[in-house]
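Chain and residue survey
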Amino acid sequence: MSEVQRRKYSQEEKTAIFDGEFMPHIDSMYNFAFRLTFDEDDAKDLVQDTYMKAFRFINSFEKGTNAKAWLFRILKNSFINEYRKKSKQPTKVDYQEVETFYNSDDVDYQSTSDLRAESVKDMLGDEISNALNALAVDFRTVIILADLEGFTYEEMAKILDIPIGTVRSRLHRARNLLKEQLKGYAQSMGYNTNEEEED
């Protein structure tokens, strides 16, 4: 392997890189993981798996480069691999647990709310969160990376492992889909949604 692809860090250097360059991004990683999985536990598992892989393959990381983009790529690849694995398995439901919960006297039917909406309500309005969550995962991912995490097109192309032209077109399509879904909400908030802008 070439010098650029593999480095030999000491254990002390690995720890310094992990703590100094990887750990500051843990909140962004969790937010991205949650928006992909819609499940707190799955998001935590995905982040944990990402950080374990990052440490395991730390010699592939070039110190001082964009650690956030490198971590996001690992997370995205882990999500895709796990998604493929789960999609081949039948859905498992513990009916005993569900039955016990809903047959208990303590059940509060209003407590079974949508965690996706709750987790992002401080950051986005419910309508925006619901519209974002309704997008296909490819479109949702580019919106999150570009508009919420602030990655450049080049960084997104590396994270998603797709050409930059595909990033641009996918982001354009995703924004148009989101715009269409939010048109009624924008009108109710008093925004002019006519296609022609007045100069």
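Residues numbered from 1 in each chain as written. Predicted model: local features only at pLDDT ≥ 70, side-chain atom pairs only at ≥ 80, totals over all residues. Heavy atoms only, no water.

The name given to the protein chain in an unreviewed UniProt entry is RNA polymerase, sigma subunit, ECF family, with the source organism recorded as Algoriphagus alkaliphilus.

**Brief notes about helix α8 (residues 137-148)**
Applicable threshold: The buried label goes to any residue with under 20% of its type's maximum accessible area, the exposed label to any with over 50%, and the partly exposed label to all in between, with areas taken from a 1.4 Å probe on protein chains only. Numbered from the N terminus, helices here are DSSP runs of H or I no shorter than four residues, and strands are runs of E no shorter than two.
The set of residues buried in α8 consists of F139, R140, T141, V142, I143, I144, L145 and A146. Looking one or two residues beyond α8, the residue adopting positive phi is G150, at roughly 80 degrees.

**Here we look at the packing of helix α1 (residues 11-22) against helix α3 (residues 40-56)**
Formally: Geometry is summarised by axes, namely lines fitted to C-alpha atoms with helices restricted to the contacting stretch, and by angles between N-to-C directions that run from 0 to 180 degrees. Take the far helix as your reference; a near helix turned counterclockwise from it by less than a right angle gives a left-handed crossing, and one turned clockwise gives a right-handed crossing. Should any heavy atoms of two residues lie within 4.5 Å, those residues are counted as being in contact. Gly is placed with the polar residues, together with every amino acid not listed as nonpolar (Ala, Val, Leu, Ile, Met, Phe, Trp, Tyr, Cys and Pro) or charged (Asp, Glu, Lys and Arg).
Following both chains from N to C, one finds α1 and α3 inclined at 145 degrees, their axes separated by 10 Å at the closest point. Between α1 and α3 lies a crossing whose hand is right-handed. Side by side, α1 and α3 meet where Q11, K14, T15, F18 and F22 of the first sit next to Y51, A54 and F55 of the second. When its residues are assigned to classes, the contact of α1 with α3 shows 5 nonpolar, 2 polar and 1 charged.

**Details of the pattern of salt bridges**
Quick reminder of the rule: For this document, the term salt bridge refers to a Lys or Arg side-chain nitrogen within 4 Å of an Asp or Glu carboxyl oxygen.
Enumeration according to the criterion identifies 5 salt bridges in this entry. A salt bridge links E149 to K68, with the shortest nitrogen-to-oxygen separation between them at 3.1 Å. Residue E149 is found in the loop between α8 and α9 (153-160), and its partner K68 is found in helix α4 (residues 67-87); the two are separated by 81 residues along the sequence. A relative accessible area of 16% places E149 in the buried class. Among the ionic pairs, R73 bridges to D161, the shortest N-O distance being 3.1 Å. Of this pair, R73 sits in helix α4 while D161 is found in the loop between α9 and α10 (164-181), placing the two residues 88 residues apart along the sequence. With a relative accessible area of 30%, R73 lands in the partly exposed category. Here D161 falls in the exposed class, since its relative accessible area comes to 54%.

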